[in-house]
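Geometric and topological summary
Here's the letter readout for the chains.
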Amino acid sequence: MSIRHGLLALLERGPRYGSQLRTEFESRTGSTWPLNVGQVYTTLSRLERDGMVAQSGEDDAGHALYVITDTGREELRTWFEKPVDRTSPARDELAIKLAMAVGAPGVDIRAVIQSQRRHTVRAMQDYTRLKAQAITALESGAAGERDDVAWLLVLEQLIFQTEAEARWLDHCEARLIRLSAASARVPAPPLAPPAPPARSVPAPAEETTDLSPTPPR
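Below, the structure is looked at part by part.

In this section: the overall build of the protein. Along the protein, the regular secondary structure elements total seven helices and two strands. Seen in sequence order, the protein has helices and strands lined up from the N terminus as α-α-α-β-β-α-α-α-α. A buried classification covers 24% of the 217 residues belonging to the protein. Put simply, of all contacts in the protein between residues at least 6 apart along the chain, 55% involve residues at least 24 apart. Here the protein has roughly 15800 Å² of accessible surface; of this, 55% comes from carbon and sulfur atoms.

Here it is in structure tokens:
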């Protein structure tokens, strides 16, 4: 997740201070990816170093305000236009866990899969309930449209993601079952034929020396 670009997008709407940016970021994303103030100010310092934001005085309460620069607007425009790179996917803890569980001594990988599936289905149900609430709020006009539409899009992405994860877990379990069955059907290698019995070799005849006198010719 690009926190820096998220902050630039919020700053394009006008000057903001650190805790205000955190609150608006979490409101826009439904606190799905919570930030702490330290993260916000660290990111702002880096953006300021790179010439993408600048400090612009203080508000009435003494908060330091930040504004986006032309360099920051160009960076933000490039971010919006450029597809998210999928050639180097982020590490997925679940995929790593299952990869390491394969063949690990004392680990029942099917139990790991079933436990994760239960958790994933519960999460999907929670997201679906929140989606229904968000739609109701939008249709009733009781919600701030910009933030609630953004939150609805995030929720739907989470629902699609958990649905895909549940299908992948089903696939993993079915794959393991098929591999286990195929392994059981592989015939054992034939036994080597018994070695032929060793032939007995007769002992050579013992030579004798005739010591009787030779008759005269």
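That shown, we press on.
All right, on to the side chain of Glu-173 then. Mapped onto the elements, Glu-173 comes out in helix α7 (residues 145-185). Classification of Glu-173 by relative accessible area gives buried; the value is 12%. Of note is the side chain of Glu-173, whose polar atom sits 2.7 Å from the side chain of Arg-117. In contact with Glu-173, not counting residues within four places along its chain, are Arg-110, Ile-113, Gln-114 and Arg-117.

Right, let's get into the pattern of salt bridges. Taken as a whole and assessed by the stated rule, the structure comprises eleven salt bridges. With a closest N to O distance of 3.0 Å, Asp-147 and Arg-28 form a salt bridge. With Asp-147 in helix α7 and Arg-28 in helix α2 (residues 18-29), the pair connects residues that are 119 residues apart, well separated along the chain. Classification of Asp-147 as partly exposed rests on a relative accessible area of 25%. One salt bridge in this structure joins Glu-74 and Arg-77, with 2.6 Å as the shortest N-O distance. Of this pair, Glu-74 and Arg-77 both sit in helix α4 (residues 70-81), three residues apart, roughly one helical turn. Under the relative-accessibility criterion, Glu-74 is labelled partly exposed at 41%. Here the residues in one salt-bridge network are Arg-110, Arg-117, Asp-170 and Glu-173, joined through shared partners.

Leu-7, Leu-8, Leu-11, Leu-21, Val-40, Leu-44 and Val-53 are the most contacted members of the largest nonpolar core, which totals 16 residues. Those elements that place two or more of their residues in this core are α1 (3-11), α2, α3 (37-49) and β2 (64-68). For this core, the element with the highest residue contribution is α1, accounting for five residues. When neighbours within four sequence positions are excluded, Leu-7 is seen to be in contact with Leu-21, Val-40, Thr-43 and Leu-44. Counting residues in each nonpolar core, the second largest holds seven residues, with Ala-101, Ile-109, Ile-113 and Leu-169 among its members.

Take Arg-16: it is sitting in the loop between α1 and α2. Residue Arg-16 is classed as buried on the basis of its relative accessible area, which comes to 10%. Polar contacts involving the side chain of Arg-16 include one to the side chain of Glu-24, which spans 2.9 Å. In contact with Arg-16, not counting residues within four places along its chain, are Leu-10, Leu-11, Leu-21, Glu-24, Ala-64, Leu-65 and Tyr-66.

What follows covers the pairing of strand β1 (residues 53-58). Across a regular strand the side chains alternate sides, sitting on one face of the sheet and then on the other. Summarising the sheet, β1 and β2 pair through four bridges and their orientation is antiparallel. For Gln-55, the partnering residue across the bridge sits in β2 and is Tyr-66. Where β1 folds back on β2, the antiparallel hairpin that results is connected by five residues, among which Gly-62 adopts a positive phi of roughly 90°.

The rules behind each value
- Residues numbered from 1 in each chain as written.
- Predicted model: local features only at pLDDT ≥ 70, side-chain atom pairs only at ≥ 80, totals over all residues.
- Heavy atoms only, no water.
- Helix = DSSP H or I, 4+ residues; strand = E, 2+ residues; numbered from the N terminus.
- Buried < 20%, exposed > 50% of the residue type's maximum accessible area, 1.4 Å probe, protein only.
- Contact = heavy atoms within 4.5 Å.
- Areas by Shrake-Rupley, 256 points an atom, 1.4 Å probe, with all protein chains shown as cover.
- Polar contact = N/O pair within 3.5 Å; in protein donor to acceptor, adjacent residues only side chain to side chain.
- Salt bridge = Lys/Arg side-chain N within 4 Å of Asp/Glu carboxyl O.
- Core = buried A, V, L, I, M, F, W, Y, C linked by side-chain atoms within 4.5 Å.
- Pairing = 2+ DSSP bridges.

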